[in-house]
Amino acid sequence: VLSVFDRQTKTWPIRQECEPKGMKISAGSFSPFLCTQKGTLIFVFSNKGESSAFLWDSEAHDMPGASTPTYVTRSLDGGQTWSKPHKLHDEWTGANRAILQTKTGAVVFTSMKMLHHPGRHSVLTYRSEDEGASWVPSPTIDLGGIGHHGGVTEAAMIELNDGRILQYLRTNWWQFWKAVSVDDGKVFHPYGPSGIDASSAPGYLLRLKSGRIALIWN
């Protein structure tokens, strides 16, 4: 059930059950939500209803057949109705973590795909120039690694004052890795170690009213 804040009545009326039949939407920070400058509501989620069991094969060093598809749906009427969810990929998605609208109006959100032979995670973004009607994936950031939590995962993201987009990627390598886009979110490159010490946990980026950026992590 999705409730959208009504600015006039200052209430949170329940608008609609937006979880389609046969789907089970991931909750919390795994489901980014955005209201665009034009008022379009965009909701990204992984469908646990299609999810395979999270079973790591220690001999194969992989998780064969792993799948948790990522979908996106949108509303053009303030949450009264929602479009049919559009599947973006079938691969196991550990988390869809962050979403933003750039100064140009493009919408970008971070996602993940599990890769195989050996099994590890990777990060990518999806970008839309038409209020979420269609989406184009970025090149995948694959830094290797092996394990059910190996590779790179759960990217935090924010747009900088000069229009670049910054990501901090969760790793098992004792620090965040940093990736930057200079083309409005189409490609994130270069990327490399950030120098910010971190456990294997995701970060969260937020611009404060002062204009400074806060990074929160475990």
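Our subject in this report is the structure included herewith. Quantities reported herein were computed from a predicted structural model and do not represent experimental measurements.

1. Side note on the environment of S134
Move 1: Mapping S134 onto the fold places it in the loop between β9 (120-128) and β10 (136-137).
Move 2: For S134 and R7, which are 127 residues apart along the polypeptide, the C-alpha to C-alpha distance reads 28 Å.
Move 3: In this structure, S134 is in contact with R127 and S128, ignoring residues within four places of it in sequence.
Move 4: In terms of polar contacts, S134 uses its side chain to reach the side chain of D130, at 2.6 Å.

2. A word on unusual backbone geometry
Move 1: With omega at 5 degrees, the peptide bond leading from H117 into P118 counts as cis.
Move 2: As for its position among the elements, P118 is in the loop between β8 (107-115) and β9.
Move 3: For the bond running from H189 to P190, omega is 10 degrees, close enough to zero to count as cis.
Move 4: Located in the positive-phi region is H61, a residue other than glycine, with phi close to 55 degrees.
Move 5: Located in the positive-phi region is W174, a residue other than glycine, with phi close to 70 degrees.

3. Looking at the packing of aromatic side chains
To describe a pair of aromatic rings, you give the distance between the ring centres and the angle between the ring planes.
Move 1: The tally for this structure, following the rule as stated, stands at nine aromatic pairs.
Move 2: Look at F109 and Y126: their rings are 5.4 Å apart centre to centre, the planes differ by 25 degrees, and that puts the pair in the stacked class. Highlighted residues: F109 in strand β8 and Y126 in strand β9, separated in sequence by 17 residues.
Move 3: Since its relative accessible area comes to 0%, F109 is described here as buried.

4. Some words on the sheet that holds strand β12 (residues 165-170)
In any sheet, the strands associate via hydrogen bonds between backbone groups, in a parallel or an antiparallel arrangement.
Move 1: Strand order in the open sheet formed by four strands is β11-β12-β13-β14, with antiparallel pairing between adjacent strands. Looking at which strands have only one partner, the edges of the open sheet turn out to be β11 (153-159) and β14 (191-197). Strand-to-strand, the axes of this sheet are offset by a mean angle of 30 degrees, without reference to chain direction.
Move 2: When β11 meets β12, the two strands line up antiparallel, connected through five bridges. Counted as the bridge partner of A156 is Y168 from β12.

5. Structural notes on the pattern of salt bridges
Move 1: Under the criterion given, the structure shown has eight salt bridges.
Move 2: Note that E154 is salt-bridged to R170, the shortest N-O span being 2.6 Å. Separated by 16 residues along the polypeptide, E154 in strand β11 and R170 in strand β12 bring together distant segments of the chain.
Move 3: With a relative accessible area of 15%, R170 lands in the buried category.
Move 4: Note that R164 and D162 form a salt bridge whose closest N and O atoms lie 2.8 Å from each other.
Move 5: When its relative accessible area of 52% is taken as the criterion, D162 is described as exposed.
Move 6: Here the salt bridges do not stand alone but share partners, grouping E50, K87 and D90 into one network.

Conventions used here
Residues numbered from 1 in each chain as written. Predicted model: local features only at pLDDT ≥ 70, side-chain atom pairs only at ≥ 80, totals over all residues. Heavy atoms only, no water. Helix = DSSP H or I, 4+ residues; strand = E, 2+ residues; numbered from the N terminus. Contact = heavy atoms within 4.5 Å. Polar contact = N/O pair within 3.5 Å; in protein donor to acceptor, adjacent residues only side chain to side chain. Phe/Tyr/Trp six-rings, centres within 6.5 Å; stacked < 30°, edge-to-face > 60°. Buried < 20%, exposed > 50% of the residue type's maximum accessible area, 1.4 Å probe, protein only. Pairing = 2+ DSSP bridges. Axes fitted to C-alpha atoms, helices over the stretch in contact; angles between N-to-C directions. Salt bridge = Lys/Arg side-chain N within 4 Å of Asp/Glu carboxyl O.

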